[in-house]
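So the chains spell out like this:
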Amino acid sequence: MLIGEGNDYGCRYGIHFESKAEYNPPKAQLFADLLAQDLPAITTHKVVLQRFDVYYNYRYKQIHIITGGMFGSPVRLTPGVYFCDKLLIDTNPEVDRYPNEHQVGCDNAHEGEYYPAEITGGDDVVVSWFKFTVDGRPYEFRTFYQYQPQDKPAILAGISEAIRMPVRGISQKIELGTGQGEPGH
């Protein structure tokens, strides 16, 4: 499952998409439950989930193992990108923030790619996409959880944590009004 995904020369090499079958409960229920934990008032509002995709990107490490490359880069952030716990959260994920920089993965595919300048070199990265509306107001986020798993259980534990943690961070950005359709303050 995790080793050798994609063609060694393709941009999707080393990136695993978490399929529907890998979620229990289903994605929509998991998202609703996690959102309600961090933002209990959300249960009185209409939430429509449009996208909840998770990619495990171990490409950088795999390519550097194959080529004997070195790791390490300073992390730089741009407006609209912030840290929350161990996560990097992008509030405008479809913008090409570094147009002259190649991404780790397929450039601007809106999948599991990330900018090397924003991630500590050598880490695996779980890239999650969230797109939803609350009372008709659109929200879209991409999150990056970086870690260094040593074995398959650690990989699975990291992916699980990377699914749960982003909702805590993005729930801080959701504005709830007093009733459906009213903006918050």
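Please refer to the structure higher up on the page.
## Focus: the packing of aromatic side chains
On inspection of all chains with the given rule, the structure shows 13 aromatic pairs. For the pair Phe31 and Phe52, a centre-to-centre distance of 6.1 Å together with 55° between the ring planes defines the contact as tilted. One end of the pair, Phe31, is in helix H1 (residues 27–38); the other, Phe52, is in strand E2 (residues 47–57), and 21 residues separate them in sequence. Assigned by exposure class, Phe31 and Phe52 land together as buried.

## Some details on the side chain of Asp53
Within the secondary structure layout, Asp53 lies in strand E2. Overall, the relative accessible area of 15% leaves Asp53 in the buried class. Within polar-contact distance, the side chain of Asp53 engages the side chain of Arg51 at 2.7 Å. Leaving out residues up to four positions away in the same chain, Asp53 has contacts with Phe17, Lys27, Val127, Ser128 and Trp129.

## Comments concerning the packing of H1 against helix H3 (residues 152–171)
In contact at an axis separation of 9 Å, H1 and H3 are set at 50° when each is read in the N-to-C sense. On the basis of their axis angle, the class for H1 and H3 is oblique. Where H1 crosses over H3, the handedness of that crossing is right-handed. Contacts from Leu30, Phe31, Leu34, Leu35 and Asp38 of H1 reach H3 at Ile163, Arg164, Val167, Arg168, Ile170 and Ser171. Class assignment of the residues belonging to the contact of H1 with H3 gives a composition of 7 nonpolar, 1 polar and 3 charged.

Conventions adopted
Residues numbered from 1 in each chain as written. Predicted model: local features only at pLDDT ≥ 70, side-chain atom pairs only at ≥ 80, totals over all residues. Heavy atoms only, no water. Phe/Tyr/Trp six-rings, centres within 6.5 Å; stacked < 30°, edge-to-face > 60°. Helix = DSSP H or I, 4+ residues; strand = E, 2+ residues; numbered from the N terminus. Buried < 20%, exposed > 50% of the residue type's maximum accessible area, 1.4 Å probe, protein only. Polar contact = N/O pair within 3.5 Å; in protein donor to acceptor, adjacent residues only side chain to side chain. Contact = heavy atoms within 4.5 Å. Axes fitted to C-alpha atoms, helices over the stretch in contact; angles between N-to-C directions. Parallel < 35°, antiparallel > 145°, perpendicular 65-115°, else oblique. Left-handed = near helix turned anticlockwise from the far one by under 90°. Nonpolar A, V, L, I, M, F, W, Y, C, P; charged D, E, K, R; others polar.

Note that every value here comes from positions in space, so none of it alone points to a role or purpose.
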